Amino acid sequence: MIKMKKRLSCALILALTTGLLISCGSKNGSVSNAGGNGAAGSAKEIVLGHVYAEDHNINRASLQFKDYIEKESGGSMTVNIQPNSVLGGDEDMLEMCAYGTVTLMTPSVASLETYAADWGVLNLPYLYDSVEDAFEAADGELGDYLKSTLDGTEYICVGFNSNGTRNMSNNVRPITCIEDLKGIKMRVMNSSTYIKWMNALGANATPMGFNEVFTGLQQGTIDGQENGAAIAYTSGFNEVQKYFSVTEHVYDMNAIICNRAFYESLTDEEREIFDTGIRTYMEDWQRNTEVSEDGEYIAKWEESGCAVNYLEDDKKEAFREALTPLYEEAEANFPEAWEALSKYR
């Protein structure tokens, strides 16, 4: 089992969250047992937490997953959706998921570096030529290997969906080349890989929880951020940013993480329903929707008054060349993950 950091603080979060879930029950379904197993004869509750706004495709996929699970299980399973960072950021919810307070979540793969460092290979920029290559890797040998790194932990990875094609926004200048990043305080996830590559490109990497980014941009604690166009727009970042640069530096994936004890408590029939719901809505529908809506959300950034520019292909290649030492480091440190990844590049 994982030796969780900050046991005392997590226990306090657990107590507070249980009360929060009960108070939120009238909106998303009542909560009789946050851990999910329930008393004899009661439904098994899936508490699905995520950081996305209500109109983001992750939440829309979650609603369809909820409808499917509750209908197909005949009420033996229910889904309680907690969107929009109600329960905190990915790191907070991963701790809660270890305890069973959160049953199911969709953290960016960057959040999992803390638990298995091999996941860091997915967080380097310009690994793939297309988002389709990224999906193929996640569904293939690379995804299988990364799932195996969580064996023996409180978590099981039941799939992957899309966290969007990541781009950069900021309040200093458009990003048209590496030199434009110099000195910009750029928010990154709390990932050693993200911190390394952002600093290597000349920016000042500033780790920060996603639920703190809007305020950080508004108050000037950070100059910019990098995320998919959809999540950044639906989170309101366009309201506090001047420039949006389509850098397409990471085809980011979310791991769909379930509390292992809950998953193993399912009957064969329930597990088949659960797995089908994950594959149909949380993976296939969500990925297709994220990709199809990406251009629409870039247009919305421009319509909201932000200056939008596109990074040219030769400039992307310059980014790749600048990051060669980090690619070589990843290959040396995580040979199995790198070998699996290389088959899809």
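S.K.: Which residues make up the overall build of the chain, and what are the values?
M.R.: The secondary structure content of the chain amounts to 13 helices and nine strands. Burial analysis of the chain (345 residues in total) assigns 57% to the buried set. Carbon together with sulfur atoms contributes 48% to the accessible area of the chain, which is approximately 13,900 Å² in total.

S.K.: Which residues make up the confidence of the model for the chain, and what are the values?
M.R.: Here the chain shows a mean pLDDT of 90. Residues at 70 or above account for 88%. In the model, residues 1-40 has pLDDT below 50 throughout and makes 66 contacts with residues more than four positions away in sequence or in other chains.

S.K.: Just give me the short version of the pattern of salt bridges, but keep the residues and values in it.
M.R.: Pairing is possible between side chains of opposite charge, provided their charged atoms come close. Tallying each qualifying case throughout the model produces twelve salt bridges. Across the pair Lys66 and Glu70 runs a salt bridge whose closest N-O atoms are separated by 3.0 Å. Taken together, the positions of Lys66 and Glu70, both in helix α2 (residues 57-72) and four residues apart, correspond to about one turn of that helix. Accessibility expressed as a relative area gives 17% for Lys66, which makes it buried. Glu70 gets classed as partly exposed once you look at its relative accessible area, which sits at 25%.

S.K.: Account for helix α6 (residues 192-200), with residues named and values stated.
M.R.: Every buried residue of α6 is listed here: Thr193, Tyr194, Trp197 and Met198. One face of α6 carries all of its buried residues, which in axial projection span an arc of 120°. In the core, the buried residues of α6 are packed alongside β4 (155-170), β5 (185-188), β6 (204-207), β7 (224-228), β8 (243-259) and α12 (324-333). Downstream of α6 by a residue or two, Gly202 has a phi angle that is positive, lying close to 100°.

S.K.: Tell me about the nonpolar core, and name the residues and values.
M.R.: Judged by nonpolar contacts, the single largest core of 82 residues is most densely connected at Trp119, Leu122, Tyr128, Leu142 and Ile257. The dominant element in this core, judged by the number of residues it contributes, is β8, at seven residues. Membership of the second largest hydrophobic core comes to 22 residues, among which are Ile46, Leu48, Ile69 and Phe274.

S.K.: Give a description of helix α10 (residues 268-303) that names residues and reports values.
M.R.: Here α10 is 36 residues long and its end C-alpha atoms lie 49 Å apart, about the 52 Å a rise of 1.5 Å per residue gives. A bend of about 40° at Asp294 is the largest found in α10. A positive phi of about 110° marks Gly305, the residue just after α10.

S.K.: Break down the packing of aromatic side chains for me, citing the residues and quoting the values.
M.R.: This model, assessed by the stated rule, comprises twelve aromatic pairs. Pairwise contacts between aromatic rings join Phe65, Phe262, Tyr263 and Phe274 into one cluster. Cation over ring: Arg271 sits above Tyr263, and NZ or CZ is 4.7 Å from the ring centre. Arg287 extends its terminal NZ or CZ atom over the ring of Phe135, reaching a point 4.9 Å from the ring centre.

S.K.: Provide a residue-level description of the pairing of strand β1 (residues 44-49), including the pertinent values.
M.R.: In terms of residue burial, β1 counts as a mostly covered element, since six of its six residues are buried. Burial along β1 is two-sided: the face carrying Lys44, Ile46 and Leu48 and the face carrying Glu45, Val47 and Gly49 are both buried. Across six bridges, the pairing between β1 and strand β2 (residues 77-82) is parallel. Within β2, the position partnered with Val47 by the bridge is Asn80. Regarding topology, α2 serves as the crossover connection from β1 to the parallel β2, and that connection is right-handed.

Scoring rules and cut-offs
Residues numbered from 1 in each chain as written. Predicted model: local features only at pLDDT ≥ 70, side-chain atom pairs only at ≥ 80, totals over all residues. Heavy atoms only, no water. Helix = DSSP H or I, 4+ residues; strand = E, 2+ residues; numbered from the N terminus. Buried < 20%, exposed > 50% of the residue type's maximum accessible area, 1.4 Å probe, protein only. Areas by Shrake-Rupley, 256 points an atom, 1.4 Å probe, with all protein chains shown as cover. pLDDT = per-residue confidence, 0-100. Contact = heavy atoms within 4.5 Å. Salt bridge = Lys/Arg side-chain N within 4 Å of Asp/Glu carboxyl O. Arc of directions from axis to C-beta. Core = buried A, V, L, I, M, F, W, Y, C linked by side-chain atoms within 4.5 Å. Expected span 1.5 Å × (residues − 1). Bend = angle between axes of the 7 residues up to and from the residue. Phe/Tyr/Trp six-rings, centres within 6.5 Å; stacked < 30°, edge-to-face > 60°. Lys NZ or Arg CZ within 6 Å of the ring centre and 35° of its normal. Pairing = 2+ DSSP bridges. Right-handed = clockwise from strand over helix to strand, strands pointing away.

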